[in-house]
Amino acid sequence: QVHLVESGGGLVQAGGSLSVSCAASGSIFDLNVMGWHRQAPGKQRELVALITKGGITNYADSVKGRFTISRVNTKNTVSLQMNSLKPEDTAVYYCKAEARTSWFRQYDDYWGQGTQVTVSS
């Protein structure tokens, strides 16, 4: 089993910055794509950003130029630096990782428990 634990988040005023981090642990043989999703009240969960093992990134249009995703492969961690935050960025942010627990198994998706980010106007 693979466990993802998020940290960071909190409350910030519009225009401010926050960061969230996620650490993967457990029976990890290999981590593939890692990323962040978010879910605002009454809305569907949406992709925010993802990063491959090789460092290729992809961002939702709504956060391009403001958010930066990074990872440290040797520590099985992924982070999201969020700048110029807007009230519409308010949501629960979830870490997601594609992971294998052994060489002969397929990749499965794992999710963290989520961390709240609130941006006040």
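Refer to the structure printed above.
The structure presented is a predicted model; accordingly, all values stated were derived computationally and were not measured.

Cut-offs used in this document
- Residues numbered from 1 in each chain as written.
- Predicted model: local features only at pLDDT ≥ 70, side-chain atom pairs only at ≥ 80, totals over all residues.
- Heavy atoms only, no water.
- Helix = DSSP H or I, 4+ residues; strand = E, 2+ residues; numbered from the N terminus.
- Polar contact = N/O pair within 3.5 Å; in protein donor to acceptor, adjacent residues only side chain to side chain.
- Contact = heavy atoms within 4.5 Å.
- Phe/Tyr/Trp six-rings, centres within 6.5 Å; stacked < 30°, edge-to-face > 60°.
- Buried < 20%, exposed > 50% of the residue type's maximum accessible area, 1.4 Å probe, protein only.
- Pairing = 2+ DSSP bridges.
- Axes fitted to C-alpha atoms, helices over the stretch in contact; angles between N-to-C directions.

## A few points about the side chain of Asp-89
Tracing the backbone shows Asp-89 in the loop between strand 8 (77-82) and strand 9 (91-100). Within polar-contact distance, the side chain of Asp-89 engages the side chain of Arg-38 at 2.9 Å. Ignoring anything within four residues of it in the chain, the contact list for Asp-89 reads Arg-38, Arg-66, Phe-67, Ser-84, Val-117 and Val-119.

## Details of the packing of aromatic side chains
Going through the model one piece at a time under the given rule, you end up with two aromatic pairs. With a centroid separation of 6.5 Å and an interplanar angle of 80°, the aromatic rings of Tyr-94 and Trp-111 are classed as edge-to-face. Here the residue Tyr-94 occupies a position in strand 9, and Trp-111 occupies one in strand 10 (residues 108-111), the gap between them amounting to 17 residues. Residue classification places Tyr-94 among the buried residues on the basis of a relative accessible area of 14%. Here Trp-103 and Phe-104 contribute two aromatic rings whose centre-to-centre distance is 5.5 Å and whose plane-to-plane angle is 85°, an arrangement assigned as edge-to-face. The exposure class of Phe-104 is exposed, given its relative accessible area of 58%.

## What to know about the sheet that holds strand 1 (residues 2-8)
If you walk across this open sheet you meet the four strands as 1-3-8-7, and the pairing is antiparallel. In this open sheet, the two edge strands, each paired with only one partner strand, are strand 1 and strand 7 (67-72). When strand polarity is set aside, the average angle formed by the axes of neighbouring strands in this sheet is 15°. Direction of pairing for strand 3 (residues 18-26) relative to strand 8: antiparallel, over a ladder of six bridges. Among the inter-strand pairings, Cys-22 is bridged to a residue of strand 8, identified as Val-78.

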